[in-house]
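Each chain, letter by letter, is given below.
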Amino acid sequence: MGVTEAFRADQSPDKVNLGVGVYQDEHGKTPLFGCVAEAEERLAAAAQPRGYLPQTGLPAYLSLIQDLVFGAGNEDLKQRTATVQSLSGTGALKLGADFLRQYVGQVVISDPSWENHRALFTKAGLQVDAYRYYDWATGGLDFAGMTADLEAVAPGTVVVLHACCHNPTGVDPHPEQWADVAAIIGTRGLIPFIDMAYQGFADGLEQDAAVVRAFASIGVPLFVGTSFSKNMGLYGERVGSLSVVTESPEAAARVTSQLKVLVRTNYSNPPTHGEAIVTEVLGDPRLRGSWEAELTSMRERIKRLRAELQAALTAAGFPRDPSFITAQTGMFSYTGLSPEQMQRLRSEYHVYGLNSGRICVAALNDRNLERVASALTSVS
């Protein structure tokens, strides 16, 4: 947020903000999905009183969420899963953290991870440590370090994982690596908490949920947080979900009861509008198809921008092999630049990214990409 404030204060006509955490189209705007606009028109035409929702959210919404996350038709899994509407992905993490602090003491997050992961679990009263994840030398995954660290943590430790489009690095494990991680977690009795804030941005809705579905089968409790901020553009509506996979329908009912207590003491009831939009889109086959098409277009645009940035960096003489750009996935990329280099980007070239080296690939466009590649090369 501080980077964005500095960007706004910059008077240069050539300034570029790559520090944003939202998807931007080729015009630098956050898009309004066509399916969302149509859903809102329907809701306005059939306006309803704004009464309280159930503390968990409406059953229709929860059923659609479970289908999206765990797959349609998996009734046994759904019956032993407690799902509640949350205030987007951050709210899902908050509910999960408050629930877990009653039963566990330690959480491990990736190094690096989304900054709010550490803050949320620390504020909930849990000890937060990190496992190795990013390989600074290659711009890829330090898989050996990751697995060694997970092998060393105590049973019952909560392991926070990014389902896809890792924030901030853009580095995701391959399917075989995910299988190894799941095996370690199952064998050691760890508790996975999967943050799936970008479902649909890596390879597709079904493909990106495959990680969650694999972890649901290893016989340990599973926490899953989801969000419709990015993949439906509902940033300001704060709509998402928390799901907890348990060993039985009876256990799921008990977990749901405890989550209701947390909802009551946090915000009492979830909001109506975002939930109604998502239910309308997911529940209508035509709107669902429109959503998937729009999401595919965004995903393919990001992949194109990655390829173009890699080519531009090569042409500009970037001193490292830039192939890590296309190996990474999602909206964000770790450039491998130091805080000092990122500060030079801002002060000398008016290109704004985070001190960690993270840039938002979705903020690139045909007008700024070549200049960004030149600036990245100049400070490297």
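Residues numbered from 1 in each chain as written. Predicted model: local features only at pLDDT ≥ 70, side-chain atom pairs only at ≥ 80, totals over all residues. Heavy atoms only, no water.

(A) How the structure looks around the sheet that holds strand β4 (residues 127-132). A sheet is described by the order of its strands in space; here seven strands give the open sequence β2-β10-β9-β8-β7-β3-β4, paired in mixed fashion. Unpaired on one side and paired on the other, β2 (81-86) and β4 mark the two borders of the sheet. Adjacent strand axes in the sheet meet at a mean angle of 20 degrees, parallel and antiparallel pairs treated alike. As paired elements, β2 and strand β10 (residues 240-245) share six bridges and run antiparallel to each other. The residue bridging V84 from the neighbouring strand is L242, located in β10. Against the sheet, helix α9 (residues 205-215) touches β7 (158-162), β8 (191-196) and β9 (222-227), its axis set at about 165 degrees to β8. (Pairing = 2+ DSSP bridges. Helix = DSSP H or I, 4+ residues; strand = E, 2+ residues; numbered from the N terminus. Axes fitted to C-alpha atoms, helices over the stretch in contact; angles between N-to-C directions. Contact = heavy atoms within 4.5 Å.)

(B) Looking closely at the packing of aromatic side chains. Inspection of every chain in the model, using the stated rule, returns 14 aromatic pairs. Between Y131 and Y133, the aromatic rings sit 6.5 Å apart at their centres with planes inclined by 65 degrees, giving edge-to-face as the arrangement. Overall, Y131 belongs to the buried group, its relative accessible area being 2%. A relative accessible area of 4% places Y133 in the buried class. (Phe/Tyr/Trp six-rings, centres within 6.5 Å; stacked < 30°, edge-to-face > 60°. Buried < 20%, exposed > 50% of the residue type's maximum accessible area, 1.4 Å probe, protein only.)

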